[in-house]
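Reading the structure
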Amino acid sequence: MTIKVHFYSYFKDLTGCAEVWETIPGGFAIADLHQRLMARFPRLGPMQKSTLIAVGVEYQPRDYVIREGDEISLFPPVQGG
Amino acid sequence: MRRQLSITTAPINETVLLGQRSLSSDMGAVVYFLGVVRGTEQNSIITGLHYEAFQSMAEHQFEQIFQEMEKRWPIESVRLIHRLGMLKVNEPSLWVEVVAPHRGEAFAACQFLIDEMKRVVPIWKKTLKPGEGRVPRVPEA
């Protein structure tokens, strides 16, 4: 399946884009996608532990299995206020 | 619990917001908070901040926080305005108001809302330092 991945805040600069499409096999978890994205965009690597990941508008754990139609967002720690 | 949420590039107008206040006769406490842009960030002088949001997720996360507040305290209303875009030093970035029967629950709910916002709501800020032509996005190591 092919899914859309969004980047926010300075992750857009680390990757050089606001969104990408990734083709992934069935059973792919968020952790697997994160590893693939860090390989594709090595500048995300140093942020690995602090990266927040959402599916749609909800945070999801690393073992969440990605489904057809999911939109994934990666971003750094939030800083509102 | 009535809710009003706005994540906006429009300036925060405190006079208008205070004029729109509405509370029933059972309410005894109104707590409101104004966050403003400080002139320093991590001991460095800055000229302003640029705020960015993942808007649909931010609205959803605020709604979840509001639902949790409603479970915990007998709040009559909550209003929250968060600015986006470029803000200068001393300009308001956040305005929050909680109306409740007693001050304890109003203070606690307001504190909870801001703490949770800073934990889960996807809004980010970038600093603008004197002499910089554009906002640096990647934090310095």
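Here goes a summary of the coordinates provided. As the structure is a prediction and not an experimental result, all values here were calculated from the model.

Residues and elements named next belong to chain B. Orientation of helix α2 (residues 55-72) relative to helix α3 (residues 103-120), taken along the N-to-C sense of each, is 150 degrees, at an axis distance of 10 Å. The angle between α2 and α3 places the two elements in the roughly antiparallel class. Of the two elements, α2 crosses α3, and the hand of that crossing is right-handed. Counted together, Gln61, Ile65 and Met69 of α2 and Ala109, Phe112, Leu113, Glu116, Met117 and Val120 of α3 form the full contact between these two elements. Per-class residue counts for the contact of α2 with α3 are seven nonpolar, one polar and one charged.

Here we take up the sheet that holds strand β9 (residues 123-128) of chain B. All names here are of chain B. Here three strands make up an open sheet; going across it, the order is β7-β5-β9 and the pairing antiparallel. Each edge of the open sheet is held by one strand with a lone partner, namely β7 (85-88) and β9. Adjacent strand axes in the sheet meet at a mean angle of 25 degrees, parallel and antiparallel pairs treated alike. Alignment of strand β5 (residues 48-53) against β7, held across four bridges, turns out to be antiparallel. Residue pairing across strands places histidine 50 opposite methionine 86, the latter belonging to β7.

It is worth spelling out the sheet that holds strand β2 (residues 19-23) of chain A at this point. All names here are of chain A. Reading across from one edge, β2-β1-β5-β3-β4 is the order of the five strands in this open sheet, with mixed pairing throughout. Looking at which strands have only one partner, the edges of the open sheet turn out to be β2 and β4 (58-59). Note that strand β3 (residues 52-55) and β4 share two bridges and pair antiparallel. Looking across to β4, one finds that valine 55 is bridged to glutamate 58.

Next up on the list: the interface of chain B and chain A. Taken residue by residue, the interface counts 21 residues in chain B and 14 residues in chain A. When residues of the side of chain B that touches chain A are traced back to their parent elements, those giving at least two are α2, β8 (92-100), α3 and β9 of chain B. Looking at the side of chain B that touches chain A element by element, the count peaks at four residues for α3 of chain B. In terms of residue class, the side of chain B that touches chain A is built from 12 nonpolar, five polar and four charged.

What counts and what doesn't
- Residues numbered from 1 in each chain as written.
- Chains lettered and ligands numbered in written order.
- Predicted model: local features only at pLDDT ≥ 70, side-chain atom pairs only at ≥ 80, totals over all residues.
- Axes fitted to C-alpha atoms, helices over the stretch in contact; angles between N-to-C directions.
- Helix = DSSP H or I, 4+ residues; strand = E, 2+ residues; numbered from the N terminus.
- Parallel < 35°, antiparallel > 145°, perpendicular 65-115°, else oblique.
- Left-handed = near helix turned anticlockwise from the far one by under 90°.
- Contact = placed C-beta atoms within 7 Å.
- Nonpolar A, V, L, I, M, F, W, Y, C, P; charged D, E, K, R; others polar.
- Pairing = 2+ DSSP bridges.

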